[in-house]
Amino acid sequence: MSLDPRILKESFSRLENEPGKAAGYFYGRLFAENPRLRALFPPAMGAQCDRLFHALGRIAWSQDSPDELSAYLARLGRDHRRFGVLPEHYPAVGAALIATLRTFAAEVWSAEAEAAWSAAYRSACDTMIAAAERDAATAPPWWVAEVVEHDRRAADLAVLTLRPDASLPYTAGQYVPVQTARWPRVWRPYSIANAPRPDGLLSLHVRALPAGWVSGALVRHTRPGDTVLLGPAMGTMTLDPDSDRDLLLVAGGTGLAPAKALVEQLAASGHRRDVHLLMGARTARDLYDLADLRRLESEHPWLKVVPVLSDAPDGERDGDVPHRPHGPLPDVLERLGGWDGHDAYVAGPAPMVRRTVTALQRLGLPLTRVHHDLLRAEEIPSPDGPRPRVQPPGQAGSAGSAGSAGSAVSTVSTGSGGTGVARQRHGG
Ligand SMILES: NC(=O)C1=CN([C@@H]2O[C@H](COP(=O)(O)OP(=O)(O)OC[C@H]3O[C@@H](n4cnc5c(N)ncnc54)[C@H](O)[C@@H]3O)[C@@H](O)[C@H]2O)C=CC1
């Protein structure tokens, strides 16, 4: 049958009125009828509701853009491999979904609506299963990685070096989902802080968030010799191979990780482009990687590292640079100016990324040249964090439409448990 996207949107918007209740009903029904499926999901289901609604939202809102939807579902299908999701699990989820829609969209529910959702769900499953099967031919569902170094740079911050048990393909600027033994089935994404190396080692910068389960485990309860699980690399904050423009890298806190990977990739490529790395921190004490950045700067004349302190008094000195620029990163960027010929890459706390992208737009940089994984970062609240509402693709605010290869809409599944997409804070 041909699908009328309006029917899907209309019924889904009824569900959005009571997302918490609807998700509770959905999972209650799913687990009551299929108790064995509970083992695929994490202990705390809070963030799971967001994942479910995000995936359903994409199905409902993106029928008018079938290529985009198909690419999203293929990524979702591949990513569901690490949760142990099998083709035989999909019908049970579909039955619970239809039952939930029938209940929560009762006012607009009809035989036609049921047929439309059944067809849309079947088609989504086919795409996800086919993508997972293709992926299984070349990659494991996850990698076991040994912690070979744990460098505690501050009470709440560690730089971890990991050795995956097999080659984990990725591009500088991407991130990997991480699971610790302490929190089974809970995955959190971390940007890889180095370009691919011959020895396959990966470095992660981890700040323990106050309510961060995985980040707390990685910073405080992980030692060399421990192992973690890694999912496949994702993310679109990678270098544009067709560009030879100079680069502006804006990094807030541990948002330094992907910026550093990009610097390493440029250094390895030997392709000369001037790079300004604005490294934002609250105080001089928070510049946890400055020594290594200065080393890189001394090795590469094309690299200029500019520390920017937001909470430090004017002209704070820490023995490094007196009178360094200070203030919020977006303001400093505007003060410095002259970025319109650059490609920009922005990583860090979501509000900082959003404000920085807006500032760059004001300075004349086209959004196609401003790369970030903001939607992904925003989709990542800590397990107990606030839950943003699902938005139709392309309506994520001014910063949301930036990024290479469609990062604004290429929302990816980064969370724990099956069925849907993560909406957690990056690295929680
Ligand atoms: N690919 C990405 O986008 C990545 C994002 N992250 C995220 O970066 C964040 C880093 O956290 P921390 O190291 O604790 O950073 P932080 O909270 O110490 O802040 C770092 C910098 O961002 C600025 N900042 C913070 N909130 C801001 C706001 N509302 N408006 C403008 N500027 C703001 C601070 O002034 C400081 O300059 C985490 O949320 C992490 O999830 C981390 C790695 C990669």
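What counts as what
- Residues numbered from 1 in each chain as written.
- Predicted model: local features only at pLDDT ≥ 70, side-chain atom pairs only at ≥ 80, totals over all residues.
- Helix = DSSP H or I, 4+ residues; strand = E, 2+ residues; numbered from the N terminus.
- Contact = placed C-beta atoms within 7 Å.
- UniProt positions renumbered as here; feature names shortened; annotations may be inferred.
- Pairing = 2+ DSSP bridges.
- Core = buried A, V, L, I, M, F, W, Y, C linked by C-beta atoms within 7 Å.
- Buried ≥ 20, exposed ≤ 12 C-beta atoms within 10 Å, placed from the backbone.
- Domains from an automatic or database assignment.
- Axes fitted to C-alpha atoms, helices over the stretch in contact; angles between N-to-C directions.

(A) The overall build of the chain, seen in detail. When helices and strands are tallied, the chain shows 12 helices and 11 strands. Within the chain, contacts between residues at least 6 apart in sequence are counted, and of these 77% link residues at least 24 apart.

(B) Here's a closer look at the environment of G253. Structurally, G253 is set in the loop between β7 (247–252) and α8 (256–269). Sequence separation between G253 and D165 is 88 residues; the distance between their C-alpha atoms is 29 Å. Setting aside residues up to four positions removed in sequence, G253 forms contacts with R207, G280, A281, D286, G348 and P349.

(C) Layout of the UniProt feature "domain: FAD-binding FR-type" (unreviewed entry) in the chain. The UniProt feature table records "domain: FAD-binding FR-type" (unreviewed entry) at residues 140–240. A distance of 28 Å separates the end C-alpha atoms of residues 140–240, which is 8% helix and 41% strand.

(D) Structural context of the sheet that holds strand β9 (residues 303–309). The 5 strands are arranged β9-β8-β7-β10-β11 in an open sheet whose pairing can be described as parallel. Each edge of the open sheet carries a strand with a single partner, namely β9 and β11 (370–371). Judged from the 2 bridges that link them, strand β10 (residues 343–347) and β11 form a sheet pairing that is parallel. Paired with Y345 across the two strands is H371, which belongs to β11.

(E) Quick peek at the pairing of strand β6 (residues 227–230). Inspection of the sheet shows strand β1 (residues 143–154) paired to β6 by 4 bridges, in the antiparallel sense. Pairing of W143 across the sheet is with L230, part of β6.

(F) Main features of the nonpolar core. Residues L249, L277, L278 and M279 are the most contacted members of the largest nonpolar core, which totals 77 residues. Tallying contributions element by element places α8 first for this core, with 7 residues. Among the domains, domain 2 (143–230) and domain 3 (247–372) are the pair contributing at least three residues each to this core. Aside from chain neighbours lying at most four places away, what touches L249 is A259, L262, V275, H276, L277, L278 and Y345.

(G) Here's a closer look at the sheet that holds β6. Within the open sheet, the 6 strands sit side by side as β4-β3-β6-β1-β2-β5. Their pairing is antiparallel. The open sheet is flanked by β4 (187–191) and β5 (202–207), the only strands paired with a single partner. Taken pair by pair, the neighbouring strands of this sheet meet at an average axis angle of 40 degrees, ignoring direction. Strand direction decides the pairing type here: strand β2 (residues 157–164) and β5, joined by 6 bridges, are antiparallel. Among the inter-strand pairings, T161 is bridged to a residue of β5, identified as S203.

(H) Broad picture of the domain arrangement of the chain. The domain boundaries assigned to the chain delineate domain 1 (5–136), domain 2 (143–230) and domain 3 (247–372). For domain 2 and domain 3, the distance between their C-alpha centroids amounts to 23 Å. Listed by partner, the interface residues are 14 residues for domain 2 and 13 residues for domain 3. Sorting the residues of the side of domain 2 that touches domain 3 by element identifies β1 and β5 as the ones contributing at least two each. Ranked by residues supplied to the side of domain 2 that touches domain 3, first place goes to β5 with 4 residues.

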